[in-house]
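# Remarks on the overall topology
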Amino acid sequence: MDETRQDSARQAALDYHEYPKPGKLEIRATKPLANGRDLSRAYSPGVAEACLEIKADPSTASRYTTRGNLVAVVTNGTAVLGLGNIGALASKPVMEGKAVLFKKFANIDCFDIELNEPDPVKLADIVCALEPTFGAINLEDIKAPDCFVVEKLCRERMNIPVFHDDQHGTAIVVGAAATNALHVAGKRFENIKIVSTGGGAAGIACLNMLLKLGVKRENVWLCDIHGLVHEGREIDMNPQKAAYAQASDKRTLDEVIDGADMFLGLSGPGVLKPEMVARMAENPIIFALANPTPEILPDEVRAVAPGAIIATGRSDFPNQVNNVLCFPFIFRGALDVGATQINDAMQLACIDGIAALARATTSAEAAAAYRGEKLSFGPDYLIPKPFDPRLIGVVASAVAKAAMESGVATRPIVDLAAYRERLNGSVFKSALIMRPVFEAARNAERRIIFAEGEDERVLRATNAMLEEMTDKPILIGRPEVMARRCERAGLPIRPDRDFEVINPESDARYRDYWGSYHELMARRGVTPDLARAILRTNTTAIGAIAVHRGDADSLICGTFGQYLWHLNYISQVLGRGSLSAHGALSLMILEDGPLFIADTQVSPIPTPEQIALTTLGAVRHAKRFGVTPKVALCSHSNFGNLDSDSGRRMREALALLDAESRSFVYEGEMSIDAALDADLRARIFPGCRLEGAANILIFAYSDAANAARNMLRMKAGGLEVGPILMGMGNKAHIVTPSITPRGLLNISALAGTPVAHYG
């Protein structure tokens, strides 16, 4: 069975590399090339202008070419993963994989370069000759000690960052993990004894980094395949190993392990024995990083040292030391400030950023990617997970700041806070467009009540609200359940301490709440007994009554259940006077900009009056996001060419809008393709008052609007903000069950702004 599984996994990996097209990379143009005009700019004669600008000022290469965002991953294939010297060609899948990681995690373009050159000096010559092409060089999988020679020569001769990731990337992640391991163990770098096995490029780099963090040279004991590195030893020595030679008559790992606080293994399987661990200091730190089989398995360590803090290089154990936590983000920061090198200050800043992030609250996105794992700082969570989207903002900005402060930045960033926000915007699609909403919310203080307070997504959103906003969250649910789920999710917040709770089972306001509900609904067939039952079990009704009575300012509900079910209770309680739900607006964040869609939920077949009100509400909200509204009233009909139901209603809505002077551009009725394609629209209706593509689509049927929303979300990679309930004076919003914690945070920011700010 094991052999069958292995064969299946092997074939799946090969298929991944072969289909639907060979390899993991392709090159795509970033500029249009659709006609002769484009061609004359992309190539002759227009390209000459860019060439002359760069000749006159070489620094402009980062403006007119991809160089400022282009990294070379260079290898000669002499030390590839655990495969050894497999040669340059066989190493290509690994280098392509590295390039993919650069793109995925930091949006850095990358060429993989595999060179048939075993001589380190000649290899360095080739790499140095590549400087005009690249903004930085990532050396990869070059055997020791050749890698030391190549890196040294390249750093001396090149004016761009050169970074051997096997050395320094590993060292940075080990440094971050060690920083937090000592934090958990209550120890300090300057006091610990370290025993290390390996002596290769990564091992030496890790030890060098630990010295920079405060470890004393005399407290480091390095062993390799020949035993302890000691003074006078001649076999298999080089200057890098010699720096750690001990004046001792001990010769083996078994002899030097006694009392060690930390074991650092970058060697091979089974090197560290359980009986050795038993003789280490209390609660030892074991970093067994050999892949795929570590120097000792975690279960073997726990059997003799239950309090040990353990890290490996594998993803199936806690605390995976993975270079992807480092290299995309250190290169991102270095490239963005035009750094000439990656120096010690930048590497230490990277360590601090990674370590601090693990000690902070775990992101909801990371929790979703690693569902089922407890991501709470402690012995089993020393460093963040690779898919934690906060890494780019925290680490890259720290690296950029260190580069500027240490004097190696040629393009300093003036506003680091804005830079960090821009980085976050590259992974949190909603970050940039939500910025004005969050700024408005921070200048207000509203009480936001969540109907489904026991949902983990709500708890994560609540934690983020407390960190980023001034609004006061109120959660409906059982406090003991919330506390357990906060603990399980690694959230520091607790009910009644950090946020107010309404407990349906025992809240002192229960009598007043059901009484208020009965008063509102007595003539709609609701008896006192029914009012009591609803206000004991229906959290949406409880939240609506809380807003009605003034105990909260805005309700958020809908993480489970059907939209119109929630809307029924909201309308019963809050839909009075001038307040009446007339549409739901979804903001879809797409690659080419925002697109608003309405009505996605409320009215299956809206009247012309409802369509006009929905249009006005959508326009107000678009302005709130800093978007200049361009509205298309959408129908199967184009400017009267069909006598259809949707066409008639849209034409009547247009007439209602035309009855008054409007400060925004709108047009209709038209099909979706005409709304988004100005050329098509011009052929159909040359006198159209709408220019360019519409950014607000108002539909004649909620089914059509909801279908468009879901197609954009599921197939076009669109990110939804909303739905935003219009017509209720910002007193309630109903989300959908697919909402994420960040989506809830976004809607809470919308709810957290008084309606006067955008009405």
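What counts, and at which threshold
- All residue numbers here refer to positions counted from 1 along the written sequence of the relevant chain.
- Predicted model: local features are reported for residues with pLDDT of at least 70 only, side-chain atom pairs are reported and counted for 80 or more only, and whole-chain, interface and lining totals are derived from all residues.
- Values reported for side chains reflect all heavy atoms of the structure, with hydrogen atoms and water molecules removed beforehand.
- Starting at the N terminus, helices and strands are each numbered in turn, a helix being any DSSP run of H or I of at least four residues and a strand any DSSP run of E of at least two.
- Partly exposed describes any residue whose relative accessible area lies between the buried limit of under 20% and the exposed limit of over 50%, with all areas from a 1.4 Å probe on protein chains only and scaled to the type maximum.
- Only heavy atoms enter the contact rule, under which two residues are in contact if any of them lie within 4.5 Å.
- Areas reported here follow the Shrake-Rupley algorithm with a probe of radius 1.4 Å; residue values treat only the protein chains shown as occluding.
- The salt bridge definition used is simple: a Lys or Arg side-chain nitrogen within 4 Å of an Asp or Glu carboxyl oxygen.
- Delimitation of the domains relies on an automatic or database domain assignment.
- We define buried area as the total accessible area lost by two parts upon association, computed with a 1.4 Å probe and summed across both.
- Think of a polar contact as two N or O atoms within 3.5 Å of one another; within protein, one of them needs to be a possible hydrogen donor and the other a possible acceptor, and neighboring residues in sequence only count if both atoms come from side chains.
- Three classes are used: nonpolar for Ala, Val, Leu, Ile, Met, Phe, Trp, Tyr, Cys and Pro, charged for Asp, Glu, Lys and Arg, and polar for all others, with Gly counted as polar.
- When DSSP finds two or more bridges between two strands, those strands count as paired.
- Orienting the strands away from the viewer, one traces the path from the first strand over the helix to the second; a clockwise path indicates a right-handed crossover.

- Looking up the chain in an unreviewed UniProt entry gives the name Malate dehydrogenase (Oxaloacetate-decarboxylating)(NADP+), with the organism given as Gemmobacter caeni.

### Overview of the overall build of the chain
- In terms of helices and strands, the chain carries 31 helices and 21 strands.
- Classification of the 759 residues of the chain by burial places 53% in the buried group.
- Sequence separation of at least 24 residues holds for 70% of the intrachain contacts in the chain that already meet a minimum separation of 6.
- Carbon and sulfur atoms make up 53% of the accessible area of the chain, which totals about 33300 Å².

### Considerations on the pattern of salt bridges
- Within this structure, the stated rule accounts for 43 salt bridges.
- Note that Glu151 is salt-bridged to Arg155, the shortest N-O span being 3.4 Å. Placement of both Glu151 and Arg155 in helix H7 (residues 146-157) is noted, with a separation of four residues, approximately one turn of the helix.
- Owing to a relative accessible area of 7%, Glu151 belongs among the buried residues under this scheme.
- The salt bridge involving Arg233 is made with Asp224; its shortest N-O contact spans 2.5 Å.
- A relative accessible area of 10% means that Arg233 is categorised as buried.
- We classify Asp224 as buried; its relative accessible area is 13%.

### Notes on the domain arrangement of the chain
- Assigned domains of the chain: these are domain 1 (66-160), domain 2 (168-319), domain 3 (324-426), domain 4 (441-574) and domain 5 (583-727).
- The C-alpha centroid of domain 3 is placed 22 Å from the C-alpha centroid of domain 1.
- Every contact between the two is made by 18 residues of domain 1 and, on the other side, 14 residues of domain 3.
- Taken together, both faces of the contact between domain 1 and domain 3 bury some 1300 Å²; the carbon and sulfur share is 68%.
- Counting the contacts that link domain 1 with domain 3 gives zero salt bridges.
- Linking domain 1 with domain 3 are three residue pairs in polar contact (both at pLDDT 80 or more).
- Elements represented by at least two residues in the side of domain 1 that touches domain 3 include exactly helix H5 (92-106) and strand E3 (136-139).
- Counting residues per element, the side of domain 1 that touches domain 3 draws most heavily on H5, at six residues.
- Counted by class, the side of domain 1 that touches domain 3 contains nine nonpolar, six polar and three charged residues.

### Thoughts on the pairing of strand E10 (residues 309-312)
- Alternating positions in E10 separate into two faces, Ile309 and Ala311 on one and Ile310 and Thr312 on the other, with burial throughout.
- Pairing geometry for strand E9 (residues 285-288) and E10, over four bridges, is parallel. Within E10, the position partnered with Phe287 by the bridge is Ala311.
- Remark: the E9/helix H13 (residues 298-304)/E10 crossover connection has right-handed handedness.

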